[in-house]
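# Per-entry structural report
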Amino acid sequence: MGARQSRASSKDKGPKRVLFIGRRQKFSPWDDALLSGRDPRSLLKRGMHHVSFSLVTRGMTDIPDFLWGLSEVQKLNLSHNQLRVLPPEVGKLTRIVVLNLCGNRLKSLPREVSLLQSLKVLFVNMNCLTEVPAELSLCRNLEVLSLSHNCLSQLPAGFADLSRLRKLNLSNNSFAHIPMCVFSLKELIFLHVGSNRLENIAESIQHLASLQIFIAEGNNIHSFPRSLCLVTSLELLNLNSNDIQTLPSELHLLCRLVRIAWNPMDKGLHISHNPLSKPLPELVEGGLEMLFSYLKDKKHT
């Protein structure tokens with residue numbers, strides 16, 4: 001009798017266990033609408049080099065919870081939504097190489113971003129950032145970082161440790177000066193600090209010996225620093241729309257500048273819309289060789 005009861009009890013438990021395992025996982029309404037009964041991993045795109053996941057322009061105010069279980073994601077695009085918070089769960093996606101958060105309403109990034117040790121490219125432009133967590137400096141493989149169109153006025157000193165950073169965009173923020181940590185980024189080839197509140201360029205700019213493109217247009221820079229002429233790797237130098245009146249005689253040292261440039265995309269020296277003293281405006285119109293020649297002669301007179 002006891003044995004039969006035991007077996008019956010065991011049979012009763014069996015079906016319940018099967019039902020529990022077979023029950024569909026509960027998702028939020030947004031998750032449900034996105035998945036429509038599918039396995040979340042069916043939304044992944046597997047390319048030749050990366051596993052990617054994209055939720056662009058979906059009007060999201062929150063990130064779907066199932067995303068944090070997709071640990072194989074390497075490229076994640078959540079741009080142009082209405083996100084106000086990036087949850088700390090982002091730290092679970094440790095294989096991410098490219099993270100695009102452009103065009104949201106983020107005011108900060110979680111400290112857990114430091115766990116993204118494979119991260120090489122990070123776009124957080126066009127958000128509402130007022131600060132950047134110091135922990136981001138622990139992402140030592142970072143090569144491209146865009147923080148443009150935010151509300152930033154400083155960067156953590158630890159950014160000097162981002163030794164592999166090659167491209168940095170700080171344009172359209174509230175920087176009164178270029179953060180000193182930037183001058184420690186020896187691999188930097190692209191630096192955009194346009195449309196800030198800069199009044200000068202620190203002499204430390206000369207330490208960026210690999211810099212090829214430097215854009216500082218739309219500020220209130222009063223003088224062209226001689227130390228900038230020592231960055232001889234420059235191929236595009238844009239100082240348009242500032243308050244520069246004179247040019248240094250050492251300008252000819254920037255031998256990779258091939259022309260006076262007028263198109264924003266062209267390589268060369270961009271120096272228009274500055275109150276240059278005479279005869280500099282006419283010389284600029286005449287081209288780079290004429291300008292260089294005048295500045296050299298002026299130095300020796």
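Cut-offs used in this document
- Residues numbered from 1 in each chain as written.
- Predicted model: local features only at pLDDT ≥ 70, side-chain atom pairs only at ≥ 80, totals over all residues.
- Heavy atoms only, no water.
- Helix = DSSP H or I, 4+ residues; strand = E, 2+ residues; numbered from the N terminus.
- Buried < 20%, exposed > 50% of the residue type's maximum accessible area, 1.4 Å probe, protein only.
- Contact = heavy atoms within 4.5 Å.
- Areas by Shrake-Rupley, 256 points an atom, 1.4 Å probe, with all protein chains shown as cover.
- Phe/Tyr/Trp six-rings, centres within 6.5 Å; stacked < 30°, edge-to-face > 60°.
- Expected span 1.5 Å × (residues − 1).
- Arc of directions from axis to C-beta.
- Pairing = 2+ DSSP bridges.
- pLDDT = per-residue confidence, 0-100.
- Core = buried A, V, L, I, M, F, W, Y, C linked by side-chain atoms within 4.5 Å.
- Salt bridge = Lys/Arg side-chain N within 4 Å of Asp/Glu carboxyl O.

As annotated in an unreviewed UniProt entry, the protein chain carries the name Leucine-rich repeat-containing protein 30 and is attributed to Sapajus apella.

The helix and strand inventory of the protein chain stands at four helices and eleven strands. Here the protein chain, with 301 residues, has 46% of them falling under the buried criterion. Partitioning the contacts of the protein chain with sequence separation of at least 6, the portion at a separation of at least 24 is 33%. Just so you have it, the protein chain exposes about 15900 Å², and 51% of that area is on carbon and sulfur atoms.

For the structure shown, the criterion picks out one aromatic pair. Here Phe53 and Phe66 contribute two aromatic rings whose centre-to-centre distance is 6.2 Å and whose plane-to-plane angle is 85°, an arrangement assigned as edge-to-face. Of this pair, Phe53 sits in strand 2 (residues 51-54) while Phe66 sits in the loop between strand 2 and strand 3 (75-77); the two residues are 13 residues apart in sequence, bridging distant segments of the chain. Phe66 shares its class with Phe53; the two are buried.

Residue Pro279 is reached from Lys278 by a cis peptide bond, and omega for that bond is 5°. Look at Thr57: it is not a glycine, yet its phi comes out positive at around 50°. Looking at the secondary structure, you find Thr57 in the loop between strand 2 and strand 3. Phi at His80 is positive, roughly 55°, even though this residue is not glycine.

In this structure, Asn125 sits in the loop between strand 5 (121-123) and strand 6 (144-146). Those residues in contact with Asn125 that lie beyond four places of it in its chain are Leu101, Cys102, Gly103, Ser146, Leu147, Ser148 and Asn150.

What follows is about helix 4 (residues 288-299). With twelve residues, helix 4 extends 17 Å between its outermost C-alpha atoms, agreeing within 8% with the 16 Å of an ideal straight helix rising 1.5 Å per residue. Those residues of helix 4 lying buried are Leu288, Leu291, Phe292 and Leu295. Seen end-on, helix 4 carries its buried residues on one side only, within an arc spanning 100°. As for helix 4, its buried residues are in contact with strand 11 (268-270) and helix 3 (280-286).

This paragraph deals with the environment of Leu165. Summarising the element assignment, Leu165 is placed in the loop between strand 6 and strand 7 (167-169). Classification of Leu165 as buried rests on a relative accessible area of 1%. Linking Leu165 and Val121, residues 44 residues apart in sequence, is a C-alpha distance of 9.4 Å. Apart from residues no more than four positions distant in its own chain, Leu165 is found in contact with Leu142, Glu143, Val144, Leu145, Leu185, Glu187 and Leu188.

Attention shifts here to the sheet that holds strand 7. Here we have eleven strands laid out as an open sheet, ordered 1-2-3-4-5-6-7-8-9-10-11, and mixed in their pairing. Bordering the open sheet on either side are strand 1 (45-46) and strand 11, each of which pairs with just one other strand. Bridging between strand 4 (residues 98-100) and strand 5 involves three bridges; their strand directions are parallel. The partner of Asn100 across the bridge, within strand 5, is Phe123.

We now examine the confidence of the model for the protein chain. On average, residues of the protein chain carry a pLDDT of 89, and 88% of them reach 70 or more. Note that pLDDT drops below 50 for residues 1-24; the model gives that stretch two contacts with residues more than four away or on any other chain.

Once that is clear, we can look at the side chain of Ser171. Tracing the backbone through its elements, the reader meets Ser171 in the loop between strand 7 and strand 8 (190-192). Not counting residues within four places of it along the chain, the set of residues in contact with Ser171 comprises Ser148, His149, His192, Val193, Gly194 and Asn196.

Within the largest apolar cluster, 84 residues are counted, with the highest numbers of intra-cluster contacts made by Phe214 and Leu291. Of all the secondary-structure elements, those providing two or more residues to this core are helix 2 (29-35), strand 2, helix 3 and helix 4. Of the residues forming this core, the biggest block, four residues, is contributed by helix 4. With residues near it in sequence (within four places) discarded, Leu291 still touches Leu247, Leu251, Ile260, Leu269, Leu280, Leu283 and Val284.

Turning to the pattern of salt bridges, a few remarks are in order. One pass over the full model with this rule turns up six salt bridges. The closest approach of N and O atoms between Glu72 and Arg46, which form a salt bridge, is 3.6 Å. Separated by 26 residues along the polypeptide, Glu72 in the loop between strand 2 and strand 3 and Arg46 in strand 1 bring together distant segments of the chain. A residue is classified by how much of its surface remains accessible, and Arg46, at 56% relative accessible area, is exposed. Residues Arg111 and Glu135 are paired through a salt bridge, measuring 3.8 Å at the closest nitrogen-oxygen approach. Residue Arg111 is located in the loop between strand 4 and strand 5, and its partner Glu135 is located in the loop between strand 5 and strand 6; the two are separated by 24 residues in the primary sequence. Since its relative accessible area comes to 61%, Arg111 is described here as exposed. Assessed through its relative accessible area of 23%, Glu135 is described here as partly exposed. Salt bridges linked by common partners bring Glu235, Arg256 and Lys267 together as one network.

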